[in-house]
Amino acid sequence: MEKNWTGKSKSNPFLQFLLRFSVKIGGAELAYFFLLFVCLIYTLLPSVLKSASFYLKRRFPQDNFFKRLARAYKLNFTFGRVLIDRTVYGIKGDIKVRVSKEDMKKYSSLAEERGLILLTSHCGAWQMAMPAFNLAEFGLSKFEKFVLYKKTEGDIDKHSFELSGEESPVNFIDPAQWDGGALSIISALQRKSIVCIMGDRIFGSGANSARVDFLGGKIDIPLMPYRIAASCGVPVIIVFFPYKSKAAVDPEVEGVFHIKDKGAQIQNYYEDAQVFADALSKFTKKYPYQFFNYFNIWRQE
Amino acid sequence: MITTLEDVKLVLSENLDLSSVNLNSVSADAPLFQELKLDSLDAIEISVVLRKYYDIVIDNMEQARGAFATLETLRKYIEDNRKK
């Protein structure tokens, strides 16, 4: 499947300015207030409603137009809050990723052994937790961290470290290379680093993807993370970051997976990809307004 | 240890799906990934091949990036770094 997303923000410079200005004069609370209206304008835009509806029609197939409109508003509002929190608290470095000591120890020892792949998705407060990649509280601060991430040129959405002018706490691996960033990922893992990959996003032609079941349809997701994990003997943690309260992220770990090396045949890893899709499906059931893939990810059968 | 271009071609042909490519017609200096039409999963398989056949672990991306440019640079990389 050719990629049908751009990665570019749907926002515009004026509304971004309005929100940043309100943050400056009144903090997050004033920005939330403005967001109530900004979000309404957005949601009423046909293109935005259409973008949100791809997911909402799958998640809530019985809805009529008005109900879907209300849900789109809730979805967009949650997304807006995440972006405001990222701006307000991310700049100050106040975002806490809350993990129990027991889990910290577990993940740290896993990473120490062979490195680690964190597999997540464009949902919840990933914008708070991952692009700032404030993993210090995740018990993984001593490890070198990498993120497979394509920053769209000219995008007006900024990560907290970009806004604050600080050095990025992570290294970015550009997936738009001939190898999709695979060699950089392998190289990082060999040095026992932590690599974060969005498991729901295909880069390039998508030839090496798995077609999996998701919310009553079929979607294509990348197979590269599973093959790399298997070939390097690196564990995979499926983790999502639901948005629950401002300035704090409570990661929900769906499990630690040791992918068996089943050789070079990519179809041997479809089952592993389905595990991720099932975990994502479970997330959308629990947090219906926190799935932020604003494009049609479903295959037309 | 001496590594020839033929060694490298043989190992690649045995481990990658190169059915659409005539490996013998690929020159030593041709861009590796365009000529062999390789993709992300092939890159992973080459890393597996390097480890399995030559005990080479890719842990320095800067070094490896140059190594994957052509068949000749790959051959040289193998020759310089192989432990078996």
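Conventions adopted
Residues numbered from 1 in each chain as written. Chains lettered and ligands numbered in written order. Predicted model: local features only at pLDDT ≥ 70, side-chain atom pairs only at ≥ 80, totals over all residues. Helix = DSSP H or I, 4+ residues; strand = E, 2+ residues; numbered from the N terminus. Buried ≥ 20, exposed ≤ 12 C-beta atoms within 10 Å, placed from the backbone. Contact = placed C-beta atoms within 7 Å. Pairing = 2+ DSSP bridges. Axes fitted to C-alpha atoms, helices over the stretch in contact; angles between N-to-C directions. Nonpolar A, V, L, I, M, F, W, Y, C, P; charged D, E, K, R; others polar.

### Some remarks on the overall build of chain A
- Summing up its helical and strand segments, chain A has 9 helices and 11 strands in all.
- The buried share of chain A, reckoned over its 301 residues, is 44%.
- The long-range share in chain A, meaning contacts at least 24 apart out of those at least 6 apart in sequence, stands at 75%.

### A look at the environment of phenylalanine 66 of chain A
- Relative to the helices and strands, phenylalanine 66 of chain A resides in helix 3 (residues 65-92).
- Sequence separation between phenylalanine 66 of chain A and alanine 125 of chain A is 59 residues, and the spatial gap between their C-alpha atoms is 27 Å.

### A short note on the pairing of strand 2 (residues 116-120) of chain A
All names here are of chain A.
- Here strand 2 lies mainly inside the structure; 5 of its 5 residues are buried.
- Judged from the 5 bridges that link them, strand 2 and strand 5 (residues 194-198) form a sheet pairing that is parallel. Across the sheet, the residue bridging to leucine 119 is isoleucine 197, located in strand 5.
- One ladder, built from 3 bridges, connects strand 2 with strand 8 (residues 236-240); its direction is parallel. Paired with leucine 118 across the bridge in strand 8 is isoleucine 237.

### Side note on the packing of helix 7 (residues 182-190) of chain A against helix 3 (residues 40-54) of chain B
- It is the contact of helix 7 of chain A with helix 3 of chain B, at a shortest axis distance of 8 Å, that shows an interaxial angle of 40°. Touching Ala182, Leu183 and Ile186 of chain A of helix 7 of chain A are Ser40, Ala43, Ile44 and Ser47 of chain B, all from helix 3 of chain B.

### What about the pairing of strand 3 (residues 145-148) of chain A?
Residues and elements named next belong to chain A.
- Along strand 3, one buried face is formed by Lys145 and Val147 and the opposite face, lined by Phe146 and Leu148, is buried too.
- Here strand 3 pairs with strand 5 via 3 bridges, running parallel. What sits directly across from lysine 145, in strand 5, is isoleucine 194.
- As judged from the 3 bridges shared by strand 3 and strand 4 (residues 171-173), these two strands associate in the parallel manner. By the bridge assignment for strand 4, leucine 148 is matched with isoleucine 173.

### Considerations on the interface of chain A and chain B
- Taken together, the contact between chain A and chain B spans 18 residues of the former and 16 residues of the latter.
- Broken down by secondary-structure element, the contributors of at least two residues to the side of chain A that touches chain B are helix 7 and helix 8 (224-232) of chain A.
- Considering every element that reaches the side of chain A that touches chain B, the biggest residue donor is helix 7 of chain A, with 6 residues.
- Counted by class, the side of chain A that touches chain B contains 9 nonpolar, 6 polar and 3 charged residues.

Taken by themselves, the reported measurements are silent on function.
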